[in-house]
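Understanding the architecture of this molecule
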Amino acid sequence: MKFNFPRYIEFHIKKTMLDRSVSNRITMLRPLLIIAMVFTHLRGTSVNMADIAPGLFNYLNAFIIHGIGRGTVPTMSLIAGFLLFRADLDVQWMKLFKKKFITLVIPFFVFILMYFKLMWIFEILFGMPRYTEMTSQLPLAWADLVLGVSSYPANGPLHFVRDLVVFVLLAPLLGCIIRTVPILGLLGMAIIFGNNQDGDLVFRGSSFIVFYIGGMAAVHRWNLLAWDKYAKPLIAIFVLICAGMMVLKVEDNTFLVLVSPFIIWPAASLLTGGRLQSLAIRYSKYSFFVFAAHMPFMELSWWGVISHMQFIPYIVYWVVTPIATIVILVITFEFAVRCMPKVFNVMIGARTSRPKHAERRKLLRPAQSPVYSEEERTLMRLKLSGLSPTP
């Protein structure tokens with residue numbers, strides 16, 4: 001049978017474009033998910049969907065915090081699982097553990113210590129008693145406050161990083177299961193982690209299940225854009241689920257947490273090519289820093305309102321606090337990058353040096369150098385990788 005070489009090239013170009021679309025969506029979602037997470041840490045709101053005060057604003061607030069907000073961590077878990085297994089890190093143990101020690105373990109301890117330091121500063125400057133409350137527990141509860149052994153660490157959002165460390169340690173085992181008996185493995189994960197049979201191994205069993213599904217999607221090469229055409233109906237279903245939970249006063253949000261990543265992901269396709277996507281990709285670099293460092297400022301703002309500024313309308317606090325917190329952290333990020341770039345990169349688990357190909361891009365192109373089309377570049381990549389058959 002004659003080999004159709006142009007169609008072969010077209011297939012690989014489409015595959016490259018697909019990977020780029022997935023990569024862009026992940027980059028876009030990161031800051032959007034972190035912003036939603038910051039809103040979930042506003043205080044003085046309902047505890048769950050069953051505890052909502054009357055009023056349109058309260059229902060809108062509950063939809064954002066307990067609806068969209070509760071989908072942030074599982075969606076990030078889904079993405080984390082996909083990226084880890086797509087890079088085949090589960091079969092490269094040393095590379096996996098070295099990389100995640102740099103990107104997870106070091107930042108975890110840095111931002112735990114930073115949290116204690118900021119609480120100490122806030123107590124000296126403003127009289128906020130959080131630091132004294134924490135240090136009085138340290139002799140007995142240091143393992144939980146610092147490491148998050150059996151309960152959330154002092155800097156609450158870092159429980160996600162703590163859980164990710166556990167996911168990484170189990171990744172080689174999960175990779176074997178995903179590659180051999182993925183469905184049976186998923187059922188096993190649902191039984192163990194869906195019913196909290198793991199004890200304190202992970203704080204959110206739902207996130208572990210979704211992480212596993214992300215690994216399945218990567219290993220078995222699922223089409224991650226297949227549900228994009230159902231984005232609008234899925235959003236409608238999500239709204240109906242949230243509305244139903246509000247009306248029926250459902251306290252258990254496990255179902256919502258499990259399904260939300262598979263609604264948020266295709267729903268993000270509606271932003272593709274728009275102004276919001278461009279802005280989100282542009283500001284994606286701030287995501288982890290905002291995630292890891294926002295909690296002290298959220299706690300300070302609520303304490304300040306309760307202790308000294310009760311005259312401020314709650315809606316003003318609700319709008320101003322997240323925006324002010326994010327702006328402060330973005331400015332801090334830029335200041336740190338300019339003043340201590342290498343140290344700061346280590347603190348946040350970022351790359352400490354530019355890759356060689358990034359340095360080459362800074363060089364001027366020689367005057368007589370050839371210019372290749374996308375098809376020609378793809379053809380050369382295929383030949384170098386040994387994937388190109390003879391037409």
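Model, not experiment: these values are computed from the prediction.

Tallying secondary structure elements over the protein gives 19 helices and 0 strands in all. Taking all 391 residues of the protein together, 42% fall into the buried category. For the protein, restricting intrachain contacts to residue pairs at least 6 apart in sequence, the fraction spanning at least 24 positions comes to 77%. Entry remark: accessible area of the protein is about 21700 Å², with carbon and sulfur atoms responsible for 68%.

What follows concerns the side chain of Ser 284. Looking at the element boundaries, Ser 284 is found in the loop between helix 13 (275-282) and helix 14 (287-293). There is a polar contact of 3.0 Å between the side chain of Ser 284 and the backbone oxygen of Thr 27. Other than its neighbours up to four places away in sequence, Ser 284 contacts Thr 27, Arg 30 and Pro 31.

Our next topic: helix 15 (residues 295-308). Between its first and last C-alpha atoms helix 15 spans 20 Å; for 14 residues at 1.5 Å apiece the expected length is 20 Å, and the two agree. Across the 14 residues of helix 15, 10 count as buried, placing the element largely inside the fold. Within the sequence span of helix 15, burial applies to Met 295, Pro 296, Met 298, Glu 299, Leu 300, Ser 301, Trp 302, Trp 303, Gly 304 and Val 305.

Here Phe 255 lies in helix 11 (residues 254-259). In this structure Phe 255 comes out as exposed when scored by relative accessible area, which is 55%. Distance from Phe 255 to Ile 241, taken between C-alpha atoms, is 9.4 Å for residues 14 residues apart in sequence.

Residues Leu 84, Phe 85, Leu 158, Phe 289 and Phe 291 are the most contacted members of the largest nonpolar core, which totals 83 residues. For Phe 291, the contacting residues outside a window of four places in its chain are Ile 34, Met 37, Pro 157, Leu 158, Phe 160 and Val 161. Met 49, Ala 62, Met 245 and Met 246 belong to the second largest nonpolar core, which has 11 residues in total.

Counting across every chain of the model gives 8 salt bridges. Between Arg 25 and Asp 228 there is a salt bridge, with the nearest N and O atoms lying 2.6 Å from each other. Taken together, the positions of Arg 25 in helix 1 (residues 5-40) and Asp 228 in the loop between helix 9 (205-219) and helix 10 (231-248) put the pair 203 residues apart, joining distant regions of the chain. With respect to class, Arg 25 is no different from Asp 228; both count as buried.

It is worth spelling out the packing of helix 2 (residues 56-68) against helix 16 (residues 314-339) at this point. Helix 16 packs onto helix 2 with a crossing angle of 25° between their chain directions and a minimal axis gap of 12 Å. Here helix 2 lies roughly parallel to helix 16, going by the angle between them. For helix 2 against helix 16, the interelement crossing comes out left-handed. When helix 2 is examined against helix 16, the residues Phe 57, Asn 61, Ile 64 and Ile 65 are found in contact with a partner set consisting of Tyr 314, Ile 315 and Trp 318.

Before going further, it helps to examine helix 2. When the terminal C-alpha atoms of helix 2 are compared, their 17 Å separation across 13 residues agrees well with the 18 Å that a helix rising 1.5 Å per residue should span. Along helix 2, the positions that sit buried rather than exposed are Asn 61, Ala 62, Ile 65, His 66 and Gly 67.

Right, let's talk about unusual backbone geometry for a bit. Even without being glycine, Asp 88 reaches a positive phi, approximately 60°. As for its position among the elements, Asp 88 is in the loop between helix 3 (72-86) and helix 4 (93-126). Given the relative accessible area of 30%, Asp 88 is considered partly exposed. Phi is positive for Arg 221, close to 55°, though the residue is something other than glycine. By the secondary structure assignment, Arg 221 is in the loop between helix 9 and helix 10.

Of the residues in the protein, 85% reach a pLDDT of 70 or more, and the chain-wide mean stands at 86. Contacts for the low-pLDDT stretch residues 8-17, under 50 throughout, to residues beyond four places or in other chains number 13 contacts. This stretch, residues 357-362, has a pLDDT under 50; its non-local contacts, to residues over four places away or in other chains, come to 2 contacts.

Its place among the elements puts Ser 77 in helix 3. Judged by relative accessible area, Ser 77 falls into the buried class, the value being 0%. When the C-alpha positions of Ser 77 and Phe 160 are compared, they lie 8.6 Å apart, and in sequence the two are 83 residues distant. Residue contacts for Ser 77: discarding those within four places in its chain leaves Phe 160, Phe 167, Ser 207, Val 210 and Phe 211.

Rules used throughout
- Throughout this description, residue numbers start from 1 for each chain and increase along the sequence as written.
- pLDDT decides what is reported in this predicted model: residues at 70 or higher carry local features, side-chain atom pairs at 80 or more are listed and counted, and totals for whole chains, interfaces and linings draw on all residues regardless.
- Hydrogens are left out, water is left out, and the side-chain values use all remaining heavy atoms of the structure.
- In this text, helices come from DSSP runs of H or I with a minimum length of four residues, and strands from runs of E with a minimum of two, each type numbered from the N-terminal end.
- Relative accessibility thresholds used throughout: buried, under 20% of the residue-type maximum; exposed, over 50%; partly exposed, between the two (1.4 Å probe, protein chains only).
- Contacts are assigned to residue pairs with any non-hydrogen atoms lying within 4.5 Å of each other.
- For every accessible area listed, the method is Shrake-Rupley and the probe measures 1.4 Å; residues are considered covered only by the protein chains on display.
- The term polar contact refers here to a pair of N or O atoms within 3.5 Å; inside protein, the definition further demands a hydrogen-donor-capable atom paired with an acceptor-capable atom, and it admits residues adjacent in sequence only when both atoms are side-chain atoms.
- Expected helix span is computed as 1.5 Å times (number of residues minus one).
- Side-chain atoms within 4.5 Å are what join buried Ala, Val, Leu, Ile, Met, Phe, Trp, Tyr and Cys residues into a set we call a nonpolar core.
- Salt-bridge detection follows one rule: a side-chain nitrogen of Lys or Arg within 4 Å of a carboxyl oxygen of Asp or Glu.
- For helices, the fitted line uses only the C-alpha atoms of the stretch in contact; every axis is such a line through C-alpha atoms, and the angle between N-to-C directions lies from 0 to 180 degrees.
- Geometric relationships in this document are graded by angle, where less than 35 degrees denotes roughly parallel, more than 145 denotes roughly antiparallel, 65 to 115 denotes roughly perpendicular, and other angles denote oblique.
- Note on convention: the crossing is left-handed when the near helix lies turned anticlockwise from the far helix by less than a right angle, right-handed when the turn is clockwise.
- pLDDT expresses how confident the predictor is about each individual residue, on a scale running from 0 to 100.

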